[in-house]
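Given next are the chains, with one letter for each unit.
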Amino acid sequence: MAELLIGHTTQDSVRIWVRASAETRSSLSSSDRVLAFLRVIPASGAAPVEARKTLKPNKDFTGVIEVSGLQPAEEHTCELSFGATANAGPGARVTPTHPQGRFKTFPATTDTLDFLLGSCNTRHKHSDSAFLRIAELAQTENAAFMIHCGDQIYYPRAADPEVDRYREQYRKTWQRSPVRNLFTRLPHYMILDDHEIRNNFRNDRPAVRTETGLFDMRTFKRRALRVYREYQHSHNPQSHSSKLYYEFSSGDVRFFVMDIRTERRESTGKMISPTQMTAFFDWLRRFPGDLKFVVTAVPFLAEVIEVDARSPGRDKWCGKAYEAQRQEILQFLCDETGLRQPVFLTGDMHNSYHATMRLNRGSESFRLHELMSSPINQKTTSLGQRARYILNSPVATPFGWNRVVKLVSNSQGEQYFDGPNIMHIRVKDPWVRFWIYPTREGTGNAPVSRGAFQP
């Protein structure tokens, strides 16, 4: 099980997630609490920073240690150990399987930024090769961080909503050595989608029958989010108090990570709350001319077919229930003067693509871009079939603009892939470039598609 994960990083700080495994606790003969000791060592030779955290059973022996006072754009290593008491010396401590990590603080300004995008970690026989490939790319492409865009675990559909069972899913998914190793090698930013709670979760979904009885969505949400906060959100930026959406920056490249799952109500047409919408619009206005990325765990631009209640499209921004709120965002982007348009990053659909939405009104025209990377690994599935998308069909909006969505093609073919993949994104203003790499064993090291655009 992972015991060290590099989380949110800034120019002068880092949030590092730690967990004392059952093996560690057994070695220390401790069942009520464990002390985590962290030593952060700057490559410059400056004095190491040491910190500790008490880990308790009520949070499954997880915790986050925040270290500040670091220098921008500097390499650091960190060393983790565990003890039974606060005064436990090195000889009385236990070291985990992956006791060392490394990270680089973010620069004050950004010339070139490389990062990885992925989603949907289905935990099966191809997981090891997928995460080995991701770790290799992180190193060779000098990735600054990785964004995990939803479905980091898959909670069983028929399972009762139990706190310990949610925790077990994380432990099983994160126990493989390549996963644990990747978590120690660069900062990771995570946001949940439905499978961290229950398939196709929404707040007003009717109660569902599970292994032992009928459970309402409030029970699923309460128990799932307790564990989500322990394992994922705790190491994210805490930029909006107790909310799960957040923002961060690397130099002058800006990111807003939406929570499109826990606030949604189909009956009211809200995928995100008015409070989150206000925070999002304020963020857009705060950085009008900067290059911006919006992370949304389900597609925002792409039009996914909605035939009936079981169609994938019902769950996306283009679904009939959420189209009005999507139009509200599009109208803001059309009406706000002086705004450099954001790039959307997404997952969920078990394929990768570069999609665009062209908006025009008379002589006015601009284009929005969306990049998807999904899944990290998977069994064979039809979810990512290209036939699920509606393309090149003009739509008149209620606010007077016309729009049309398409998947982008270039001289090397359509920028679309329906196998397990990871996306490498490079920002060198004004260009955004990307490469789609297959992650299944035996598929080689070359990208299956690539592209570039100016947002």
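Calculation notes
Residues numbered from 1 in each chain as written. Predicted model: local features only at pLDDT ≥ 70, side-chain atom pairs only at ≥ 80, totals over all residues. Heavy atoms only, no water. Pairing = 2+ DSSP bridges. Helix = DSSP H or I, 4+ residues; strand = E, 2+ residues; numbered from the N terminus. Axes fitted to C-alpha atoms, helices over the stretch in contact; angles between N-to-C directions. Contact = heavy atoms within 4.5 Å. Parallel < 35°, antiparallel > 145°, perpendicular 65-115°, else oblique. Left-handed = near helix turned anticlockwise from the far one by under 90°. Buried < 20%, exposed > 50% of the residue type's maximum accessible area, 1.4 Å probe, protein only. Core = buried A, V, L, I, M, F, W, Y, C linked by side-chain atoms within 4.5 Å. Phe/Tyr/Trp six-rings, centres within 6.5 Å; stacked < 30°, edge-to-face > 60°. Lys NZ or Arg CZ within 6 Å of the ring centre and 35° of its normal.

**Q** Sorry, what's going on with the pairing of strand β6 (residues 75-83) here?
**A** Across a regular strand the side chains alternate sides, sitting on one face of the sheet and then on the other. Of the pairings in the sheet, the one linking strand β3 (residues 34-42) to β6 comprises eight bridges and is antiparallel in character. Its bridge partner lying in β6, Val40 is registered against Cys78. Here β6 pairs with strand β7 (residues 100-104) via five bridges, running antiparallel. If you follow His76 over to β7, its bridge partner there is Phe103.

**Q** Mind showing me how you'd approach the sheet that holds strand β9 (residues 146-149) here?
**A** Think of a sheet as strands paired side by side through backbone hydrogen bonds, with each pair either parallel or antiparallel. As summarised here, the arrangement of the six strands in space is β10-β9-β8-β26-β27-β28, forming an open sheet in which the pairing is mixed. The two strands at the open ends of the sheet, each matched to only one other strand, are β10 (188-191) and β28 (449-453). With strand direction ignored, the average angle separating the axes of adjacent strands in the sheet is 20°. As judged from the four bridges shared by β9 and β10, these two strands associate in the parallel manner. Its bridge partner being in β10, His148 is matched across the sheet by Met190. Those strands touched by helix α2 (residues 127-140) are β8 (113-118), β9, β26 (421-428) and β27 (431-438), and its axis lies near 150° from that of β27.

**Q** I tried to follow the side chain of His148 on my own but got confused; where do I start?
**A** Along the chain, His148 turns up in strand β9. When neighbours within four sequence positions are excluded, His148 is seen to be in contact with Gly118, Phe183, His188, Tyr189, Met190 and Ile191.

**Q** Explanation requested: the packing of helix α6 (residues 274-286) against helix α7 (residues 323-335) in the structure shown.
**A** Angle between the axes and distance between the axes: these two values describe a pair of packed helices. Relative orientation of the contacting elements α6 and α7 amounts to 20°, with a least axis distance of 12 Å. Taken together, the axes of α6 and α7 lie roughly parallel to each other. Every pair of crossing elements has a handedness; the one defined by α6 and α7 is right-handed. Across the interface between the two elements, Met277, Phe280, Phe281, Leu284 and Arg285 from α6 touch Gln325, Glu328, Ile329, Phe332 and Leu333 from α7.

**Q** Would you take a moment to explain the pairing of β8 for this structure?
**A** Across the six residues that make up β8, a large majority, six, are buried. Along β8, one buried face is formed by Leu113, Phe115 and Leu117 and the opposite face, lined by Asp114, Leu116 and Gly118, is buried too.

**Q** What's the story with the nonpolar core in this structure? I'm lost.
**A** What tends to happen in soluble globular proteins is that the nonpolar side chains get buried as a cluster. Counting residues in each nonpolar core, the largest one holds 70 residues, and the members touching the most others are Phe115, Trp174, Phe255, Phe293, Leu345 and Ile425. Counting 34 residues, the second largest nonpolar core, distinct from the first, contains Met258, Phe287, Val294 and Val405.

**Q** I would appreciate a short explanation of the packing of aromatic side chains in the present structure.
**A** Describing an aromatic ring pair means giving the distance of the ring centres and the angle of the ring planes. Per the stated rule, a full pass over the model turns up 29 aromatic pairs. Ring geometry for Tyr189 against Phe248: centres 3.9 Å apart, planes inclined by 5°, an arrangement best described as stacked. Taken together, the residues Tyr189 in strand β10 and Phe248 in strand β13 (residues 246-250) connect sequence positions 59 residues apart. Its relative accessible area of 4% is what places Phe248 among the buried residues. Here the aromatic cluster, defined as three or more aromatic residues joined through ring pairs, consists of Phe106, Phe115, Phe145, Tyr189, Tyr246, Phe248, Phe255 and Phe293. Its guanidinium or amino end placed over the ring of Phe37, Arg93 lies 3.8 Å from that ring's centre, counting from NZ or CZ. The ring centre of Trp431 lies 5.0 Å from the NZ or CZ of Arg433, which sits over that ring.

All we've got here are geometric facts, nothing functional implied.
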